[in-house]
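Structural overview for review
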Amino acid sequence: LGALIAIGFVGYSWLMTTGNSPFEASEIGIIDGKLVMANPNLAGYTKDNRAYRISAERAIQDFGNLERITLEGITASRPVQGDTIAQVRAASGVFDNAANTLTLDSALDIVTDDGMTAQLSDARIDMARGTLSTDRKVDITLDGTRISSGSLTVSDNGKILVFDRKVRMTLIPD
């Protein structure tokens, strides 16, 4: 279950960037008084020199609130533990630069190349505190073990995971 740290990797990626990560967008324009970027893409290396990539189909920033960026069609890839790579997909989310938070307000799927899958209904990631939380359904599968719950709190940068409300663990024999 150590690979569950993948759940918080989207926010962790922003925390651990080296500061010189290249940002790209295929098109940038102003629509309805908002800055709209098509296919924004952030790629780089963490402080421990591991490659990551975060992209979206669209990013929207309101000139009235430059601290918040709405993201649509989010995908991310990042090493999470050793050589294990996690892929994340979420339909939408909001990054708040002032609060240093990422709120994924839609279902998200996480898949690691070592076989872990996780489905969360939503997630709130606080990069400054190193936490992730959701008060909605969570379903995680790894190595013949499935854990589901009504909520999840990840703290201490992924070191502590607390499943709550209707927690069920299923062991699937080989």
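Section: the nonpolar core
Core analysis: the biggest nonpolar cluster contains 32 residues, and Leu102, Leu104, Leu108, Ile110, Leu120, Leu132 and Leu152 have the highest contact counts within it. Beyond its immediate chain neighbours, meaning those up to four positions away, Leu104 contacts Ile74, Ala90, Ser92, Gly93, Asp122, Ala123 and Ile125.

Re the pairing of strand 6 (residues 58-62)
One ladder, built from five bridges, connects strand 3 (residues 34-38) with strand 6; its direction is antiparallel. Bridge pairing in strand 6 places Val36 opposite Ile60. Judged from the four bridges that link them, strand 6 and strand 7 (residues 68-81) form a sheet pairing that is antiparallel. Residue Ala59 lies in a different strand from strand 7, and its bridge partner there is Leu71. Count of turn residues in the strand 6/strand 7 antiparallel hairpin: five residues.

Examining a positive patch on the surface
Side chains of Lys137, Arg165, Lys166 and Arg168 sit close together on the surface and give a patch of like positive charge. Examined against the element boundaries, Arg165 turns out to sit in the loop between strand 17 (160-164) and strand 18 (168-171). Judged by relative accessible area, which is 44%, Arg165 ranks as partly exposed.

Focus: unusual backbone geometry
Glycine aside, a negative phi is what most residues show, and trans is what most peptide bonds show. One non-glycine residue, Asp32, lies in positive phi territory at about 50°. When you line up the elements, Asp32 lands in the loop between strand 2 (27-31) and strand 3. We note that Asn39 has phi near 55°; this positive angle belongs to a residue other than glycine. As for its placement among the helices and strands, Asn39 is situated in the loop between strand 3 and strand 4 (41-45).

Regarding the pattern of salt bridges
By the definition in use, this model includes five salt bridges. Salt-bridge contacts for Asp135 lead to Arg124; the nearest nitrogen and oxygen are separated by 3.4 Å. You can see Asp135 sitting in the loop between strand 13 (131-134) and strand 14 (138-142) and its partner Arg124 sitting in strand 12 (residues 123-126), a full 11 residues away along the chain. Residue classification places Asp135 among the partly exposed residues on the basis of a relative accessible area of 48%.

Points about the environment of Arg136
The topology assignment puts Arg136 in the loop between strand 13 and strand 14. Taking the relative accessible area as the measure of exposure, Arg136 reaches 43% and is therefore partly exposed. In contact with Arg136, other than residues within four places in its own chain, are Ser121, Asp122, Ser149, Gly150 and Ser151.

Conventions adopted
- Residues numbered from 1 in each chain as written.
- Predicted model: local features only at pLDDT ≥ 70, side-chain atom pairs only at ≥ 80, totals over all residues.
- Heavy atoms only, no water.
- Core = buried A, V, L, I, M, F, W, Y, C linked by side-chain atoms within 4.5 Å.
- Buried < 20%, exposed > 50% of the residue type's maximum accessible area, 1.4 Å probe, protein only.
- Contact = heavy atoms within 4.5 Å.
- Pairing = 2+ DSSP bridges.
- Helix = DSSP H or I, 4+ residues; strand = E, 2+ residues; numbered from the N terminus.
- Patch = residues over 30% accessible without salt bridge, like charges linked within 9 Å, V, L, I, M, F, W, Y side chains within 5 Å.
- Areas by Shrake-Rupley, 256 points an atom, 1.4 Å probe, with all protein chains shown as cover.
- Salt bridge = Lys/Arg side-chain N within 4 Å of Asp/Glu carboxyl O.
- Lys, Arg positive; Asp, Glu negative; His and termini not counted.
- Charge placed at Lys NZ, Arg CZ, Asp CG, Glu CD.

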